[in-house]
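Secondary and tertiary structure notes
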Amino acid sequence: MAGEPTTRNTPDDRTREDVVSAALGKLDLDAKARLLAGRDMWSLPALPGIGLRPLVFSDGPIGVRGVRWTADDPSIALPSPTALAATWDPELARRAGRLLAQEARRKSVHVLLAPTVNLHRSPLGGRHFEAYSEDPYLTGVIGSGYVNGVQDGGVGTTVKHFVANDAETDRFTVDNVIAPRPLRELYLAPFEAIVENAHPWGIMCAYNSVNGTSMSEHHYLQNEVLRGEWKFDGAIVSDWMAARSTKGDIEGGLDIAMPGPQTVYGEALAGAVRAGDVDESVVDEAVRNVLRLAARVGILDGAPAVVPESALPAAVDGQAVAREIARRAFVLVRNENRTLPLDPARTVALSGAAARDARVLGGGSATVFPERVVSPLDGLRAALPADALTFTVGADPSDELAVADKGFELRAVCRDEAGNVVGEGSLPGGQVQWIGDDLPDGATHENLHSIEVTGTFTPREDGGHAFGTRGLGAYTLKVAGETLFDGVQPMSEGADPFEAFFGAPQERGRVTLTEGEPVEISLTHTLAKNTGASIRAVMFALTHLGPQRDADALIAEAVEAARTAAAAVVVVATTDRVESEGFDRRDLELPGRQNDLVRAVAAVNPRTVVVVNSGSPVEMPWREEVAAVLLTWFPGQEGGAALADVLLGAEEPGGRLPTTWPVSFADVPVTDVVPVDGELPYAEGLFIGYRAWEKAGVTPAYAFGHGLGYTTWEYESVIAAGSVVTVRVRNTGTRTGREVVQVYLAPVADTVERPVRWLAGFASVTAAAGETVEVAVDLPRRAFEIWDETVGVWRLVEGEYEVEVGRSIADRRVSVRVRR
Ligand code: BGC
């Protein structure tokens, strides 16, 4: 069961507690304070005296990157969290988790910095792709499956970001002002459900404040609610660099300050105890939590790991899981005249730059380096005869430089001040990302003076190629022997500390190159000494943009190819300058000329299928002019293979929308992500997502829960007995299919302010053509409760409810009335 917690109060739990208490008793104040502070970017110190090995964390959530930012040790890249939620399948989420635990073990990682269970409050939220849904119940169910899966494999999780990190603008300082009911009923609800159903061993606190208090110091939410009311017994780790106050953080319930070595814990914490500012017993409780986490993952001598080696789940094939999740997550929102599946015996004209250079994962800390990426072009090439497929670029979503990738063979050469080589390292592309002591062998922060990113670039196209830099400091850039830049990029006012990672690339010059002819590239970055930064890091990137061909000519080529093909497939996408950690979106438009491309292709081919490659909603102004629209999220490394499975009908698309897709940004009910004077009021209260759409009475493009398969369903009946609702559905189509039966609750005459209806439960069924199946859905008591702000308790709202069952919140087929 996806809902079964991994651990309970077993004899092993009690042994672990005894070992933890004994270990705690042996530590002096300095050792205790040291244990609560990162020793580097990703780990805690070892304490050999008590048999404790270093605890290693890693991001999270679609793969396990490990402690190095290189492609040398690749990771399986699963589809984005929005995709996982679109499966509406906690069992599949659990399998994803098990695969990630296997990856973590392979990389000697003990705790995965995931899942992200903040809500889709506004589609502008930069990390929308990294969270599951606009609905707290669905988020809690998927998150519980995921946590249970990771912890089945003996690896810890840190459910993040506690709480209300729902947007990125001023994320380190924003104060989200949230009334008690929405805080409980929406934002805290997934965390509460996961603590209850999956017993996570860790939680990560958010950067932001809630109602005036920084989350890392939030005594009420961390100590009283999370630990007190919900009985969370794991460790709370700060988001990276979120811990800013020794006394405030430790008394507010924060156990671990990451990353190190410079933190507000360690020596500062021991000093605060000695000065009488902090009671040592508070430190002891934090140490107990950390030792318990270490014991659970099996790195504290004498304490049995929750999952011993002998009890690990069977090994999982990562590529197969990635492919299965992708196809189960694809949401077919439109399919006129059964355009899909396509006939594999007929021709396909594929277009869109993202069909060749797929965007398989979202930007920021969620980045991993997969060993291979199957693009839509690769996937369709493998599935169709050679002469059945054409590809044209059609339109490129990006007219900005991006981190050097295709065609580049690069390595990093580290030099000291005298110019001697002190180390060399491989690079995954143009991005250098060395944090803490993660430097190439031989290089140290003391001897390192400059880093040269050097190698070759083999162009895929003739023409003017632009090259540039991203990051702060001094650079010299040479391409094919020509110096394009020799200067300094200064820090802009109020920039995010991860500016080098998320900031805008700067163009430094253009060079005319010939397809297939390699040229030498060299970007040298000279380090500024003594920057005073709290973490020691080397972060910068070589960036590139291929020749910008005439946009009309590109579209015309795609149109010509589409005109004569049996079907046209256009892949449209966002870019990492549009959707990423570190900043919010400004609108929901597809970048570049992609909308024009779709319209032009659809005008000549009535069987035009648009594949949308984005982590979160985009406007699709052409959606009623095309035959079919398939949303594929950031589909992970096997996305193109899964796409071929679905387009050609080997498998049906299994996804249902975890979030409402608007017609236009102007219709979106909640958009505000920009704080004013440091505050962001969640003024919409209880009404986000479909709750807000229904209140506003505005019809979206595609409703929450919507998604088509390749068969059809009839909802025959629903009956209710106690809290259980039993639904009969019949597969009325011609092939086996899977249906997500969704149960919504609508109060008949409400006595309190509540949404028109909300998701109260769901289950999926599989049935052969013509088959009738029954499924029972248990409606939790919580679905009938509200948070009573006057007394601060959950209160059942008595009265009549319509239990509405159907295919989406807008397509409800059968209902039954119940009394509570
Ligand atoms: C992100 C976290 C992430 C951490 C470590 C932070 O910037 O908000 O989600 O786990 O970095 O990479």
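Rules used throughout
Sequence order as written defines residue numbering, which begins from 1 separately in each chain. With the structure being a predicted model, the display of local features is reserved for residues of pLDDT at least 70 and the display and counting of side-chain atom pairs for 80 or more, all residues being used for whole-chain, interface and lining totals. With hydrogens and water stripped out, all remaining heavy atoms of the structure feed into the side-chain values. Numbering of helices and strands starts at the N terminus; helices are DSSP runs of H or I of at least 4 residues and strands are runs of E of at least 2. For the radius of gyration, the atom set is restricted to C-alpha positions; the globular benchmark scales as 2.2 Å times the number of residues to the power 0.38. The classification of residues rests on relative accessible area computed with a 1.4 Å probe and restricted to protein chains. Under 20% of the type maximum is buried, over 50% is exposed, and intermediate values are partly exposed. Working rule for contacts: check all heavy atoms of both residues, and any pair within 4.5 Å makes them a contact. The accessible surface values rely on the Shrake-Rupley method and a 1.4 Å probe; as for residues, cover is taken only from the protein chains in view. A pairing counts as a salt bridge when a side-chain nitrogen of Lys or Arg comes within 4 Å of a carboxyl oxygen of Asp or Glu. In this context, the arc is that of the directions from the helix axis out to the C-beta atoms. By convention in this text, a residue qualifies as near a molecule or strand provided that one of its non-hydrogen atoms is within 4 Å of it. Between N or O atoms, a polar contact is any pair within 3.5 Å; within protein, one atom must be a potential hydrogen donor and the other a potential acceptor, and residues adjacent in sequence are included only when both atoms are from side chains. Charged residues are taken to be Asp, Glu, Lys and Arg, nonpolar residues to be Ala, Val, Leu, Ile, Met, Phe, Trp, Tyr, Cys and Pro, and polar residues to be all remaining types, Gly included. The quantity known as pLDDT measures the predictor's confidence residue by residue, on a range of 0 to 100. What fixes the domain bounds is an automatic or database domain assignment. Note on definitions: buried area is the accessible-area loss of two parts on being combined, 1.4 Å probe, summed for both. Two strands are said to pair when DSSP picks up at least two bridges between them. Angular values range over 0 to 180 degrees, each being the angle between N-to-C directions of two axes fitted as lines to C-alpha atoms, with helices fitted over their stretch in contact. Handedness of a helix crossing follows the sense of rotation of the near helix relative to the far helix, less than a right angle counterclockwise being left-handed and clockwise being right-handed. Here the aromatic set is Phe, Tyr and Trp, taking the six-membered ring for Trp, and pairing holds for ring centres within 6.5 Å; pairs whose planes are under 30 degrees apart are stacked, those over 60 apart are edge-to-face, and all others are tilted. The term nonpolar core refers to a set of buried residues drawn from Ala, Val, Leu, Ile, Met, Phe, Trp, Tyr and Cys, joined through side-chain atoms within 4.5 Å. For classification purposes, an angle smaller than 35 degrees is called roughly parallel, one larger than 145 roughly antiparallel, one from 65 to 115 roughly perpendicular, and anything else oblique.

1. Regarding the overall build of the protein
When helices and strands are counted, the protein shows 19 helices and 36 strands. For the protein, whose C-alpha radius of gyration is 27 Å, the value lies close to the compact-globule estimate of 28 Å for 820 residues. Along the first, second and third principal axes, the C-alpha set of the protein runs to 75 × 75 × 55 Å. Across the 820 residues in the protein, those meeting the buried criterion constitute 63%. Restricting to contacts in the protein with at least 6 residues of sequence separation, those with at least 24 account for 77%. Just so you have it, the protein exposes about 29000 Å², and 48% of that area is on carbon and sulfur atoms.

2. Regarding the pattern of salt bridges
Enumeration over the complete set of coordinates arrives at 66 salt bridges. Here D89 makes a salt bridge to R738, at a shortest N to O gap of 3.0 Å. Of this pair, D89 sits in the loop between α3 (81-86) and α4 (90-106) while R738 sits in strand β30 (residues 737-747), and the two are 649 residues apart along the sequence. For the pair shown, D89 and R738 are each scored as buried. With a closest N to O distance of 3.5 Å, E714 and R730 form a salt bridge. Of this pair, E714 sits in strand β28 (residues 713-721) while R730 sits in strand β29 (residues 724-731), and the two are 16 residues apart along the sequence. Among the residues examined, E714 registers a relative accessible area of 36% and is labelled partly exposed. Looking at R730, the relative accessible area reads 27%, which means it is partly exposed.

3. Side note on helix α10 (residues 267-274)
For α10, the complete set of buried residues consists of L269, A270, A272 and V273. Angularly, the buried residues of α10 cover 160° about the axis, an arc narrow enough to put them on a single face. Across from the buried face of α10, at angles greater than 90 degrees, the exposed residues are E267 and R274. Among the structural elements, α2 (29-35), α9 (246-252) and α11 (280-296) are those in contact with the buried residues of α10. One or two residues past the end of α10 sits G276, with phi positive at roughly 80°.

4. Some remarks on the site of the ligand
Taken together, 13 residues surround the ligand, and among them D59, R127, H161, Y207 and D239 come closest. Between the ligand and H161 there is a distance of 2.7 Å, counted from an oxygen atom to a side-chain nitrogen or oxygen. One nitrogen or oxygen atom from the side chain of E581 is found 3.0 Å from an oxygen atom belonging to the ligand. The protein chains hide 96% of the 310 Å² of surface that the ligand would expose on its own. Of the residues contributing to the shell around the ligand, the split by class is 5 nonpolar, 2 polar and 6 charged.

5. Let's talk about the confidence of the model for the protein
Chain-level statistics for the protein give a pLDDT mean of 95 and a share of 97% at 70 or above. Across residues 1-7, where pLDDT falls below 50, the model places 27 contacts with residues more than four positions away in sequence or in other chains.

6. Looking at helix α16 (residues 551-564)
Residues L554, I555, A558, V559, A561 and A562 constitute the buried set of α16. For α16, the angular spread of buried residues about the axis comes to 165°, placing them on one side. Tucked inside the fold, the buried residues of α16 contact β11 (348-351), β12 (389-392), β24 (567-573) and α17 (594-604).

7. Considerations on the domain arrangement of the protein
Each assigned domain of the protein is listed with its residue range as follows: domain 1 (52-257), domain 2 (319-399 + 552-576 + 594-681), domain 3 (402-545) and domain 4 (711-819). Of note, the centres of domain 1 and domain 2, computed from C-alpha atoms alone, are 29 Å apart. Each partner contributes residues to the interface: domain 1 has 49 residues there, and domain 2 has 47 residues. Interface area for domain 1 against domain 2, summed over the two sides, is near 3900 Å², with a carbon-plus-sulfur share of 63%.

8. A word on the sheet that holds strand β6 (residues 202-205)
Strand order across the open sheet formed by 3 strands is β4-β6-β9, with parallel pairing between neighbours. For this open sheet the edge positions go to β4 (159-162) and β9 (235-238), each flanked by a neighbour on one side alone. Taken pair by pair, the neighbouring strands of this sheet meet at an average axis angle of 30°, ignoring direction. Inspection of the sheet shows β4 paired to β6 by 2 bridges, in the parallel sense.

9. Overview of the packing of α4 against helix α5 (residues 136-152)
Relative placement of two packed helices is described by the angle separating their axes and the distance separating the axes. At a closest axis distance of 6 Å, the pairing of α4 and α5 adopts a crossing angle of 35°. Once α4 is placed against α5, the crossing between them reads as right-handed. Of the residues in α5, those touching α4 at P90, A93, R94, G97, R98, L100 and A101 are V141, I142, G145, Y146, N148, G149, V150 and D152.

10. Thoughts on the packing of aromatic side chains
Counting across every chain of the model gives 17 aromatic pairs. On the numbers, 5.6 Å between centres and 35° between planes, the contact of W42 with W240 is tilted. Of this pair, W42 sits in the loop between α2 and β1 (57-58) while W240 is found in the loop between β9 and α9, placing the two residues 198 residues apart along the sequence. Given a relative accessible area of 5%, W240 falls into the buried group. Ring plane angle 20° and centroid distance 4.2 Å describe the contact between F408 and F457, whose orientation is recorded as stacked. Of the two residues, F408 is situated in strand β14 (residues 408-415) and F457 in strand β17 (residues 450-457); the sequence distance between them amounts to 49 residues.

11. Here's the deal with the nonpolar core
When a protein is soluble and globular, its nonpolar side chains tend to lie buried together. With 162 residues, the main nonpolar core has F57, L78, F162, V163, W240, L291 and V805 as its most contacted residues. Tallying contributions element by element places α11 first for this core, with 8 residues. Those residues in contact with F57 that lie beyond four places of it in its chain are W42, L44, V67, V109, V111, L113, V237, W240, I256 and M258. Grouped together as the second largest cluster of nonpolar side chains are 34 residues, A562, V572, L597 and Y702 included.

12. Observations concerning the sheet that holds strand β8 (residues 213-214)
The strands making up a sheet associate through hydrogen bonds between their backbones, and the pairing can be parallel or antiparallel. The sheet built from 4 strands is open, its strands ordered β8-β7-β5-β27 with mixed pairing. Each having just a single partner strand, β8 and β27 (679-681) make up the two edges of the open sheet.

13. Thoughts on unusual backbone geometry
The omega torsion across G60 and P61 is -20°, close enough to zero to call that bond cis. In this structure, P61 sits in the loop between β1 and α3. Between L340 and the following residue, P341, the backbone shows a cis peptide bond with an omega angle of -5°. With respect to the helices and strands, P341 occurs in the loop between β10 (331-335) and β11. Its identity as a non-glycine residue notwithstanding, D677 has a phi of 50°, on the positive side.

14. Observations concerning the packing of α4 against helix α12 (residues 318-329)
Put simply, α4 and α12 touch, their axes get as near as 10 Å, and they point 150° apart. Of the possible angle classes, the one that applies to α4 and α12 is roughly antiparallel. Considering only the axes of α4 and α12, their crossing is left-handed. In this structure, α4 uses L92, R95, A96 and L99 to contact α12, whose residues at the interface are G318, E324, I325 and R328. Considered class by class, the residues forming the contact of α4 with α12 number 4 nonpolar, 1 polar and 3 charged.

15. Some thoughts on the environment of R34
Tracing the backbone through its elements, the reader meets R34 in helix α2. Between the alpha carbons of R34 and A268 there is a distance of 9.5 Å; along the sequence they are 234 residues apart. Non-local contacts of R34, meaning those with residues more than four positions away in its chain, are made with P45, L47 and G266.

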